[in-house]
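# Notes for the structure review
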Amino acid sequence: EAKHSGRDTFRFFDQDMSREARDRLKLEQALRSAIKGGGLSLHYQPKVRLETAGVYGAEALLRWTHPELGPLSPAVFIPLAEESGLIVEIGAWVLQEACNALVRWRASGQQLPRIAVNISVQQLEREDFPGWLERLLISHQLERDLLELEITETGLMQNEQRALRSLVRLQQKGFRIALDDFGTGYSSLSYLRKLPLSTLKIDRSFVMDMSADKVSLSIVRTIIQLAHNLDLDLVAEGVEDEIQAQLLLDMGCEQAQGFHYHRPMPEADFVALLTG
Ligand code: C2E
Ligand code: MG
Ligand code: MG
Ligand code: MG
């Protein structure tokens, strides 16, 4: 039994870890070349008004197709990108691509949807990030409020002061800031006082359990009231069925995103949806 044989156990874990480390390194190198040579793309998940199901915006979600392994989930490669620091370069690529997409859509003459982009705290920690982003929008001749920056409080807790300074500067420059996965961090309420927010996004886990679990339902109701009282926009994440949509609407939530409406889709499909 491995359990009783200390040496074998050690050897087993040692080999296992070095293989894991090798795999990670290979994956990291592949990700590095994807940033330069293609392989990354954005999908767009429409955000809708619950009342009409009309699309008013979208969240840009990063997709990576590995040359051998095929499409990988962000749940796999975003943590890798965070740990290796590649997330700063990737995040810049995502913001550039979102702006390029907005410019492409503007050419078709329609009203532009607002695009939400997920931002890592490592991007915020860069002193030059707010200025860089401002110049990016100027060079694309885009209004700053066409972008919404989604941040998570778990990310923020790592380096609060510097990230917070960046957020305040971004807000002063006219960017919108959303708190993603709201309710899942540890200090949600104290953060609400400090962060310059435009929007709260109710985490999918509460929405998912809401119709079966009274506590989740109460939490969702409380978050909706909180957002109203603080005059914040509110989006419910992960709406998967009509019952959830109706419950949210009844409780006064106005905006949502979830598989019940639309899954994340390639740009061409999103444009087709917008142009109807
Ligand atoms: P997130 O920002 O909370 O994004 C929402 C995630 O929930 C997306 O997963 C989306 O596909 C999924 N989702 C939306 N509606 C539903 C639903 O009704 N049911 C279920 N089961 N899932 C739903 P995805 O695309 O796999 O992204 C996962 C996470 O990866 C994101 O969570 C975000 O934290 C991160 N991520 C994605 N793109 C980027 C990026 O460009 N930069 C950074 N830093 N993180 C990103
Ligand atoms: Mg998000
Ligand atoms: Mg989220
Ligand atoms: Mg989430």
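Residues numbered from 1 in each chain as written. Chains lettered and ligands numbered in written order. Predicted model: local features only at pLDDT ≥ 70, side-chain atom pairs only at ≥ 80, totals over all residues. Heavy atoms only, no water.

For the protein chain, an unreviewed UniProt entry supplies the name cyclic-guanylate-specific phosphodiesterase and the organism Marinospirillum alkaliphilum DSM 21637.

With that out of the way, let us pick up the overall build of the protein chain. Helix and strand content of the protein chain: twelve helices and nine strands. Its C-alpha atoms give the protein chain a radius of gyration of 20 Å, near enough to 19 Å, the size a compact globule of 276 residues would have. By the burial criterion, 46% of the 276 residues in the protein chain qualify as buried. Considering only residue pairs separated by 6 or more positions, the protein chain has 67% of its internal contacts joining residues 24 or more positions apart. In the structure as shown, the protein chain presents an accessible area of about 14,500 Å², 50% of it carried by carbon and sulfur atoms. Charge centroids of the protein chain, computed over 30 positive and 39 negative side chains, lie 5 Å from each other. (Helix = DSSP H or I, 4+ residues; strand = E, 2+ residues; numbered from the N terminus. Rg over C-alpha atoms; globule rule 2.2 N^0.38 Å. Buried < 20%, exposed > 50% of the residue type's maximum accessible area, 1.4 Å probe, protein only. Contact = heavy atoms within 4.5 Å. Areas by Shrake-Rupley, 256 points an atom, 1.4 Å probe, with all protein chains shown as cover. Lys, Arg positive; Asp, Glu negative; His and termini not counted. Charge placed at Lys NZ, Arg CZ, Asp CG, Glu CD.)

The next thing to look at is helix H2 (residues 74-84). When H2 is considered as a whole, its buried residues turn out to be Phe77, Leu80 and Ala81. Along the axis of H2, the buried residues cluster in a sector spanning 100 degrees; they form a single face. Structural note: H2 exposes Ala75 and Glu83 on the side pointing more than 90 degrees away from its buried face. For H2, the N-terminal capping position is held by serine 73, with its side-chain oxygen 3.0 Å away from the main-chain nitrogen of alanine 75. (Arc of directions from axis to C-beta. Polar contact = N/O pair within 3.5 Å; in protein donor to acceptor, adjacent residues only side chain to side chain.)

What follows covers the coordination of the magnesium ion (ligand 3). Each protein donor to the magnesium ion (ligand 3) is listed here as Asp180 (OD), Asp181 (OD), Glu237 (OE) and Glu237 (OE); together their distances run 2.0 to 2.7 Å. Ordering the donors of the magnesium ion (ligand 3) by residue number gives the pattern D-D-x55-E. Here the magnesium ion (ligand 2) and the magnesium ion (ligand 3) are spaced 3.9 Å from one another, each receiving a donor from aspartate 180. Residue classification places aspartate 181 among the partly exposed positions, given a relative accessible area of 25%. (Donors = N, O, S within 2.8 Å, 3.2 Å for Na, K, Ca; no water.)

Turning next to the nonpolar core. Of all hydrophobic cores here, the largest spans 79 residues; its most connected members are Ile115, Leu133, Leu200 and Leu248. Ranked by residues supplied to this core, first place goes to helix H3 (residues 87-107) with ten residues. In this structure, isoleucine 115 is in contact with Tyr44, Ala58, Ala60, Ala98, Leu102, Trp105, Leu146, Leu147 and Glu148, ignoring residues within four places of it in sequence. (Core = buried A, V, L, I, M, F, W, Y, C linked by side-chain atoms within 4.5 Å.)

Our next topic: the environment of proline 67. Considering the arrangement of structural elements, one finds proline 67 in the loop between strand E2 (55-66) and strand E3 (70-72). Proline 67 gets classed as exposed once you look at its relative accessible area, which sits at 69%.

The environment of ligand 1 is made up of 20 residues, and the closest members are Arg63, Asn118, Asp180, Glu240 and Phe259. Residue arginine 63 places a side-chain N or O atom 2.9 Å away from an oxygen atom belonging to ligand 1. One of the side-chain N or O atoms of aspartate 180 is found 2.9 Å from an oxygen atom in ligand 1. Protein chains bury 82% of the 810 Å² of accessible surface belonging to ligand 1 in isolation. Broken down by class, the residue content of the shell around ligand 1 amounts to nine nonpolar, four polar and seven charged. (Near = heavy atom within 4 Å. Nonpolar A, V, L, I, M, F, W, Y, C, P; charged D, E, K, R; others polar.)

All right, on to helix H11 (residues 242-250) then. Regarding H11, the residues found buried are Gln244, Ala245 and Leu248. Across the axial projection of H11, the buried residues extend over an arc of 100 degrees, all falling on one side. Residues Ile243 and Asp250 are exposed on H11 and point more than 90 degrees away from its buried face. Where H11 is buried, its residues meet helix H9 (204-209), helix H10 (214-229) and strand E8 (233-237). A side-chain oxygen of the first residue of H11 lies 3.2 Å from the backbone nitrogen of isoleucine 243; this N-cap is aspartate 241. Trailing H11 by a residue or two, glycine 252 shows a phi angle of about 95 degrees, which is positive.

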